[in-house]
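# Topology and contacts: notes
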Amino acid sequence: MDETTEDIEIRLLLEALLRKYHYDFRGYSMASMTRRLRQAREHFGEPTISRLQDRALHDPGMLPKLISFLTVQVSDFFRDPGYFRAIRESVVPHLKTYPSLKVWVAGCSAGEELYSLAILFREEGLEERTIFYGTDISPEALAKAEAGVYDLGRVPAFTENHRASGGKSSLSDYYTAAYGAAVFDRSLRKRAVFSDHSLVTDAVFAEVQLVSCRNVLIYFDRDLQDRAVGLFKDSLSRKGFLGLGSKESLRFSAHADAFAEFVRAERIYQKRGGA
Ligand SMILES: C[S@@+](CC[C@H](N)C(=O)[O-])C[C@H]1O[C@@H](n2cnc3c(N)ncnc32)[C@H](O)[C@@H]1O
């Protein structure tokens, strides 16, 4: 099919974001980029994507907002509880054999997934030996993750998810309610490091025993997915675990042979010994 004018404008805008700000969205699924840029164009009140590009190039202040439009920030505490149950029941017994642990939550959004793991690790007695890395490309999401403050209206769903994941404590032990917000306990963050890291352009930064990367790869094309899984493979220690969650899979990945299925339904993999 011929490229439309809008397709051309989108590719030019993505090129501009890369050249000026080093954000590389070129390998994201075109359908989702188109949808998101249309929303951004409307939000910023511009008649065309080219005009949006003009603003993005000349106003660095709008960049974090534009990045928020280009990335999907939906998350929850203990989102997809079956995944956390599988981590708790099947992965944790292996992790307990390590004297120290590093966990990488790639595409951590506003911190919900990382705090869920921090709570789970506390319940399982692993917290004190663990460092958590939460990485994302969205500055707004990372700032929220650092703050650890969420809308109180979301908490009943978090609580229900926590219970369904096999939670051994009460979620209310971990936050204080104030002015419509749930402020999560700073102690959950004392072993967490949040940082800007792109699965598209950055390199491996630590050796870890568990990578949790859910609902991120779906936005990438096949080459980018392979790049990201290659990063996970290189950063995992021997026999380390990769959790992708039930919606994604390594089936078509160039690195599939490096991993064995560990909990099939939740797409939790274990890196093979020699890989
Ligand atoms: C739908 S959220 C997933 C949040 C969480 N992992 C979960 O499953 O609940 C997708 C996240 O991926 C992040 N993301 C998108 N592209 C990325 C990239 N190249 N590197 C790292 N994170 C990225 C987005 O900013 C967003 O926070």
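Model, not experiment: these values are computed from the prediction.

One turn of an α-helix holds 3.6 residues; hence residues three or four places apart share an orientation. Among the residues of helix α8 (residues 155–164), those classed as buried are Val155, Phe158, Asn161 and His162. Summarising the axial view, the buried residues of α8 lie within an arc of 120°, below the 170-degree limit, and thus occupy one face. What points out from α8, more than 90 degrees from its buried face, is the exposed set Pro156 and Arg163. The secondary structure elements touched by the buried residues of α8 are α5 (81–95), α6 (112–123), β3 (149–151), β4 (175–178) and β5 (181–184). Looking one or two residues beyond α8, the residue adopting positive phi is Gly166, at roughly 95°.

Under the defined criterion, the tally for this structure stands at 22 salt bridges. The residue Asp80 makes a salt bridge to Arg214 at a minimum N-O spacing of 3.6 Å. One end of the pair, Asp80, is in the loop between α4 (63–70) and α5; the other, Arg214, is in the loop between β7 (208–212) and α9 (222–235), and 134 residues separate them in sequence. For Arg214, a relative accessible area of 4% translates into the label buried. The network of salt bridges with common partners includes Arg88, Lys96, Glu123, Glu124 and Lys168.

We now examine the packing of helix α1 (residues 5–21) against helix α3 (residues 49–58). Between α1 and α3, the least distance of the axes is 9 Å, while the angle of their chain directions is 10°. By the angle class used here, α1 and α3 are roughly parallel. Of the residues in α3, those in contact with Glu6, Glu9, Ile10, Leu12, Leu13, Ala16, Leu17, Lys20 and Tyr21 of α1 are Ile49, Ser50, Leu52, Gln53, Ala56 and Leu57. Looking at the contact of α1 with α3 residue by residue, the classes come out as ten nonpolar, two polar and three charged.

Here we come to α5. An ideal rise of 1.5 Å per residue puts 21 Å on 15 residues; α5 measures up with 19 Å between its terminal C-alpha atoms. Of all the bends in α5, the greatest measures close to 35° and is centred on Arg88. Turning to α5, its buried residues are Pro81, Tyr83, Phe84, Ala86, Ile87, Arg88, Val91, Val92 and Leu95.

Glancing now at the sheet that holds strand β2 (residues 130–136). Strand pairing in a sheet takes place through backbone hydrogen bonds and is either antiparallel or parallel in direction. Strand order in this open sheet of seven strands is β6-β2-β1-β7-β8-β10-β9, and the pairing throughout is mixed. The open sheet has two edge strands, β6 (192–196) and β9 (259–263), and neither has a second partner. Mean inter-strand twist for the sheet, computed between neighbouring axes without regard to direction, equals 20°. Both strand β8 (residues 236–243) and strand β10 (residues 268–271) contribute to a ladder of three bridges, which runs antiparallel. When the sheet's bridge partners are listed, Phe241 is paired in β10 with Gln270. Lying on the sheet, α6 is in contact with β1 (101–106), β2, β6 and β7; it crosses β2 at an angle near 170°.

In this fold, Glu248 is placed in the loop between β8 and β9. A distance of 2.7 Å separates the side chain of Glu248 from the backbone nitrogen of Asn215, its partner in a polar contact. If near-sequence neighbours (up to four positions away) are discounted, Glu248 is found in contact with Arg214, Asn215, Val216, Leu217, Ile218 and Arg267.

On to the environment of Phe25, then. Among the secondary structure elements, Phe25 is positioned in the loop between α1 and α2 (30–43). Accessibility expressed as a relative area gives 1% for Phe25, which makes it buried. In this structure the C-alpha to C-alpha distance between Phe25 and Ile67, which are 42 residues apart in sequence, comes to 9.9 Å. Sequence-distant contacts of Phe25, defined by excluding residues within four places in its chain, comprise Leu14, Leu17, Met33, Ile67, Leu70, Thr71 and Ile137.

The next thing to look at is the nonpolar core. Within the largest apolar cluster, 46 residues are counted, with the highest numbers of intra-cluster contacts made by Phe25 and Leu199. Of all the elements in the fold, those that place two or more residues in this core are α1, α2, α3, α4, β1, β7, α9 and β8. Two domains each put at least three residues into this core: domain 1 (5–70) and domain 2 (81–271). Sequence-distant contacts of Leu199, that is, excluding residues within four places in its chain, are made with Trp104, Ala106, Cys213, Val216, Phe220, Arg227, Ala228, Leu231 and Phe232. In this structure, Leu126, Tyr150, Ala192 and Val263 belong to the second largest nonpolar core, which totals 40 residues.

Segmentation of the chain into domains returns domain 1 (5–70) and domain 2 (81–271). With centres defined by C-alpha atoms, the gap from domain 1 to domain 2 works out at 29 Å. Taken residue by residue, the interface counts eleven residues in domain 1 and ten residues in domain 2. Interface of domain 1 and domain 2: buried area, both sides summed, is about 970 Å²; carbon and sulfur atoms make up 58% of it.

How each quantity is defined
Residues numbered from 1 in each chain as written. Predicted model: local features only at pLDDT ≥ 70, side-chain atom pairs only at ≥ 80, totals over all residues. Heavy atoms only, no water. Buried < 20%, exposed > 50% of the residue type's maximum accessible area, 1.4 Å probe, protein only. Helix = DSSP H or I, 4+ residues; strand = E, 2+ residues; numbered from the N terminus. Arc of directions from axis to C-beta. Contact = heavy atoms within 4.5 Å. Salt bridge = Lys/Arg side-chain N within 4 Å of Asp/Glu carboxyl O. Axes fitted to C-alpha atoms, helices over the stretch in contact; angles between N-to-C directions. Parallel < 35°, antiparallel > 145°, perpendicular 65-115°, else oblique. Nonpolar A, V, L, I, M, F, W, Y, C, P; charged D, E, K, R; others polar. Expected span 1.5 Å × (residues − 1). Bend = angle between axes of the 7 residues up to and from the residue. Pairing = 2+ DSSP bridges. Polar contact = N/O pair within 3.5 Å; in protein donor to acceptor, adjacent residues only side chain to side chain. Core = buried A, V, L, I, M, F, W, Y, C linked by side-chain atoms within 4.5 Å. Domains from an automatic or database assignment. Buried area = accessible area lost by both parts, 1.4 Å probe.

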